[in-house]
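Below, each chain spelled out in residue letters.
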Amino acid sequence: MEKQNFCAELIAPDTWCIREPRHDTLDGGWATGYLVVGSKYGIMVDTGFGKTNLREFAQTLTNKPVRMCICTHGHGDHAGGACYFKTAFMTERAEQVMFEQKRRGLNFTNKPIEQLQILHVTDGSWIELGDRTLEVFVLEGHSPGSIAILDRKERILFTGDNIGDRDPEANADGGMLWYKDDEIQPSVQIVAQNTAKLIARRTDYDLVCWGHGHIPLDADIVEYFMLGCLLILDNDDDKPVPQEIDRNGNPKYKDLENTCSITIRNCRILYDKRFKHVTQEQPIGM
Amino acid sequence: MFDSQKIAENTWIIHEPSPSGLGTPAAYLVVGDENGIMIDNCYGRENIRAYCETLTDKPVRMTANTHGHGDHAGGNRWFDVAFMTPMAEEVHRLHMHKYHNDGIQDDSQVIYVTDGDTIELGNRTLEVFTLEAHSAGSLCFLDRKERLLFTGDNIGPQNFAIQADGLMLWHAHCRTQPSLLKFTMDAAKLMQVRDAYDRVCWGHGTVPQDASIVEHAMIAALRVLINDDDHLCEQEYMDAKDERTGHQGKKGKYQELNHKRSAFYKDARIIYDVRYMFTTERGKPTIYY
C-alpha cells in the first residue's frame, strides 16, 4: 500500500470525516470527505484530491464494502478521488465539471476515470445503504450541478461547498456563489429557491457537514444562508467585498467591482451583483 | 351586496362587506376553459355562486378554502364541492355555528387535498400547498398560468386602514399557534416556486400584492428564529361591533399580550406567541390549533 496521509475523525455513529491535505502546502487547502456507513454498504460523500487511494483507506475504517462515492460537485478537491471507486453518483453538470477539472490537472491524480461507472442523480434521488438512506437535493451555488445530501438517520446534512461558515484560518468561505473566473454563478434567486428546499426539511437535521472550515456545524447555518440570500434579493445596497491576499500573495478576488458580500453571523455569501435575479440573457457557466 | 373587479385574464376579486364594517374579506373567482372555481367565498350570506355565474359563462360548481374561518368559508353551502384539509373542515364546523341562521344547510361535498395535489380547470391548473400559519390546516394555491399565488390570511401585508394583518400566527378564537419554525418551513415551499408567480392574492386585500411579500415574511420569520429581531407586541384597539352581543365599542385586538411578539420586515409583520417558536419534539409540530 502506498503511503497515505489521510486523517479520519468519527463525527457520528458510523460516520467519519476524512481529510486530505493539499499536495503543495499544509496550511489551508484541506479537502474533506465523509465516510457514511449503513448496515449493508458504506459510501464516501466527496472524495478529496485523489492523490492516494482513498477507497483503500476508507475500507480500513469499516468492514462493510465501500465501493461507491457521491460527489457534491465536480471540483478537483471533491471529485478527484472518485477514480478509486467502482461507482460514482453525481449530477450530469457535475460530471462535465469533473472532466473539465481533470483535463486541467486539478485533481492531482493520473489514474484514468474512463473506467468509472458514473450514475446521475437529481432532486428526489435516494441512495440506500441498508438501514440508512441518503436523499439528494439539487443545490445550485458554488459550482454547476451541486447537490446537498441529507442523512435522516444521523440527522446530518452534507452541503459540499455550498453552505458553510467563514473560516479565515482555513482560507474557507462557505457561501461563494462563484468559482474563480471560469464559472459563472447561478442567479441568487435560483440559490434562494434551492435553499428553500432545505429549509422546508429543517426538522430532519441538526448538523451541517461541509467541505472545508469547521466541521460539523450547527444547522442554523442554513437559516443564516437563506436569510442572506433573501436580503441580497430584497435590497439594492450591495456591499463590495474587502480584498484579501491568498497564500501565494495574489489578490483573491479578481472582479472587485461586481463581487459583493453579505455576512449573517458566521456565514458570508459572496456573489456577483449582476446575477441576482433570473434574466434571459444570463449565460450558463461552466 | 357583492362587488368585483377583474385582476387578470379570467380572474376576479370579489368582496362581501363584513357585518362589523372592518376586515372585509376577499374571495377570488378563477376560471379555466371548462370550469370556474372560487378560492374562498366570504361570509356567503347571499348566494355568492349565483353572483359568480353572472361574471362567467363557465359553471362554478367548486370552491377551495384557504382555511376554515367563517369570513372565508362561509359560502361553502352554495357550492357542490369544497376542497379543503381535514383540519380546516374541523375549524369550519366549529366556526359556522355563529354565522347563518337562515336555515340553508351546508351539503357541499368536501374533498380533502394536500401538498402536491392539483385542481384542473381546463387549460389552467391550481397547485395546492399546505401552509400552517393563520389557522389550522391552511392552504395556498398557485396558478402558474396567470402567475398568481392565493394565500388566504396566511401571507399578506399589514393594512391599518381595514384593521387586517396578513400574518397573525394565531387567531382570536384559538389559543395556540403553529410554531414559527413550522411556518418558516412551510413558507419555504412557496419560495421554491418563487419564479412561478408575480402577485399574491390574499384574504383581505383590495388588489393583489407584489409577491415580494413572501420573501419579506420569510425574512421576518428567519430573523426571529436566529434571534435578531424580537419586539413586544403593543395592544391595538379596534372600534368594532361584537358579532354576538351587538355591542359597539373599543375592543382589544390581542389576547395574552405578555406572550405576544411581533416581527417586522418592510410591509410584512408577523404576530406570534413567544412560547411556540420551535417544535418541541424532533420533527413533529406539536402545537397545532
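Residues numbered from 1 in each chain as written. Chains lettered and ligands numbered in written order. Predicted model: local features only at pLDDT ≥ 70, side-chain atom pairs only at ≥ 80, totals over all residues. Heavy atoms only, no water.

Draft legend 1. How the structure looks around the pairing of strand 7 (residues 117-120) of chain A. Residues and elements named next belong to chain A. For strand 6 (residues 87-90) and strand 7, the ladder comprises four bridges, and the chain directions are parallel. Bridge pairing in strand 7 places A88 opposite I118. In this region the chain leaves strand 6, passes through helix 3 (residues 92-103) and returns to the parallel neighbour strand 7; the handedness of that crossover is right-handed. (Pairing = 2+ DSSP bridges. Helix = DSSP H or I, 4+ residues; strand = E, 2+ residues; numbered from the N terminus. Right-handed = clockwise from strand over helix to strand, strands pointing away.)

Draft legend 2. Quick peek at the sheet that holds strand 5 (residues 62-64) of chain B. All names here are of chain B. Taken in spatial order, the seven strands line up as 1-2-3-4-5-6-7 in an open sheet, and their pairing is mixed. Either end of the sheet is taken by a strand with one partner, and the two such strands are strand 1 (3-8) and strand 7 (109-112). Strand-to-strand twist across the sheet, computed as the mean angle between neighbouring axes with direction ignored, equals 25 degrees. Bridge count for strand 3 (residues 26-31) against strand 4 (residues 36-39) is four bridges, and the pairing is antiparallel. Bridging across to strand 4, Y28 finds its partner in I39. Lying on the sheet, helix 1 (residues 48-55) is in contact with strand 1, strand 2 (11-15), strand 3 and strand 4; it crosses strand 2 at an angle near 145 degrees. (Axes fitted to C-alpha atoms, helices over the stretch in contact; angles between N-to-C directions. Contact = heavy atoms within 4.5 Å.)

Draft legend 3. Up close: the interface of chain B and chain A. Between chain B and chain A, the contact holds 24 residues from the first and 22 residues from the second. At the boundary of chain B with chain A, total buried surface from both sides reaches about 2000 Å², with 65% on carbon and sulfur atoms. Counting the surface chain B buries against chain A, the share from its top three residues, M185(B), Q192(B) and I226(B), is 29%. At the junction of chain B and chain A, the tally comes to one salt bridge. The residue K266(B) makes a salt bridge to D234(A) at a minimum N-O spacing of 2.9 Å. At the surface where chain B touches chain A, the tally comes to seven residue pairs in polar contact (both at pLDDT 80 or more). Where the side of chain B that touches chain A is concerned, the elements lending two or more residues are helix 4 (180-192) and helix 5 (212-225) of chain B. (Buried area = accessible area lost by both parts, 1.4 Å probe. Salt bridge = Lys/Arg side-chain N within 4 Å of Asp/Glu carboxyl O. Polar contact = N/O pair within 3.5 Å; in protein donor to acceptor, adjacent residues only side chain to side chain.)

Draft legend 4. Region of interest: the packing of aromatic side chains. Residue and element names in this part refer to chain B. Under the definition given, this model contains four aromatic pairs over all chains. Each ring, one from F2 and one from Y51, has its centre 5.3 Å from the other, and the planes form 40 degrees; the classification is tilted. With a gap of 49 residues between them, F2 in the segment before strand 1 and Y51 in helix 1 connect regions that are remote in the sequence. (Phe/Tyr/Trp six-rings, centres within 6.5 Å; stacked < 30°, edge-to-face > 60°.)

Draft legend 5. Spatial organisation of the confidence of the model for chain B. Residues and elements named next belong to chain B. Looking at chain B, pLDDT values average 85 and 87% of them are 70 or higher. This stretch, residues 281-289, has a pLDDT under 50; its non-local contacts, to residues over four places away or in other chains, come to 24 contacts. For this predicted complex, the interface confidence reaches an ipTM of 0.89, while the overall pTM sits at 0.91. (pLDDT = per-residue confidence, 0-100.)

Draft legend 6. Expanded view of the packing of helix 5 (residues 220-234) of chain A against helix 5 of chain B. Contact geometry for helix 5 of chain A and helix 5 of chain B: axes closest at 10 Å, N-to-C directions at 145 degrees. For the element pair helix 5 of chain A and helix 5 of chain B, the recorded crossing hand is left-handed. Between helix 5 of chain A and helix 5 of chain B, the residues in contact are E223(A), M226(A), L227(A), L230(A), L231(A) and D234(A) and E215(B), H216(B), M218(B), I219(B), L222(B), R223(B) and L225(B), respectively. (Left-handed = near helix turned anticlockwise from the far one by under 90°.)

Draft legend 7. Main features of the pairing of strand 3 (residues 30-37) of chain A. Residues and elements named next belong to chain A. Summarising burial for strand 3: seven of the eight residues are buried, a large majority. Inspection of the sheet shows strand 2 (residues 15-21) paired to strand 3 by seven bridges, in the antiparallel sense. Across the sheet, P21 pairs through a bridge with W30, a residue of strand 3. Examined bridge by bridge, strand 3 and strand 4 (residues 42-45) share four bridges and lie antiparallel to one another. The residue of strand 4 that forms the bridge with Y34 is V45. Counting the residues in the hairpin turn of strand 3 and strand 4 gives four residues. (Buried < 20%, exposed > 50% of the residue type's maximum accessible area, 1.4 Å probe, protein only.)

Draft legend 8. Spotlight on unusual backbone geometry. Following I215(A), the chain continues to P216(A) via a peptide bond in cis, the omega torsion being -15 degrees. Take P216(A): it is sitting in the loop between strand 13 (207-210) and strand 14 (217-218). The backbone phi angle of N123(B) is positive, close to 60 degrees, even though this residue is not glycine. Note on placement: N123(B) falls in the loop between strand 8 (118-120) and strand 9 (125-130). You will see that K266(B), though not glycine, has its phi angle at about 50 degrees, which is positive.

Draft legend 9. Structural context of the sheet that holds strand 2 of chain A. All names here are of chain A. Within the open sheet, the seven strands sit side by side as 1-2-3-4-5-6-7. Their pairing is mixed. Both outer strands of the open sheet, strand 1 (7-12) and strand 7, are each paired with one neighbouring strand and no more. Strand-to-strand twist of the sheet, defined as the mean angle between neighbouring strand axes without regard to direction, takes the value 25 degrees. Packed onto the sheet, helix 3 meets strand 6 and strand 7 and runs at close to 145 degrees relative to strand 7.

Draft legend 10. Looking closely at the pattern of salt bridges. One pass over the structure, following the stated rule, counts 31 salt bridges over all chains. Between R268(A) and E244(A) there is a salt bridge, with its nearest N and O atoms 3.3 Å apart. Here R268(A) is found in strand 17 (residues 267-272), whereas its partner E244(A) is found in the loop between strand 15 (239-240) and strand 16 (259-264), with 24 residues between them in sequence. Here R268(A) matches E244(A) in class, with each residue buried. Across the pair R144(B) and E127(B) runs a salt bridge whose closest N-O atoms are separated by 2.6 Å. Taken together, the residues span a long stretch of sequence, with R144(B) in the loop between strand 10 (139-143) and strand 11 (148-152) and E127(B) in strand 9 at a distance of 17 residues. Counted as one network, the salt bridges with shared partners bring together E135(A), R152(A), R201(A) and D204(A).

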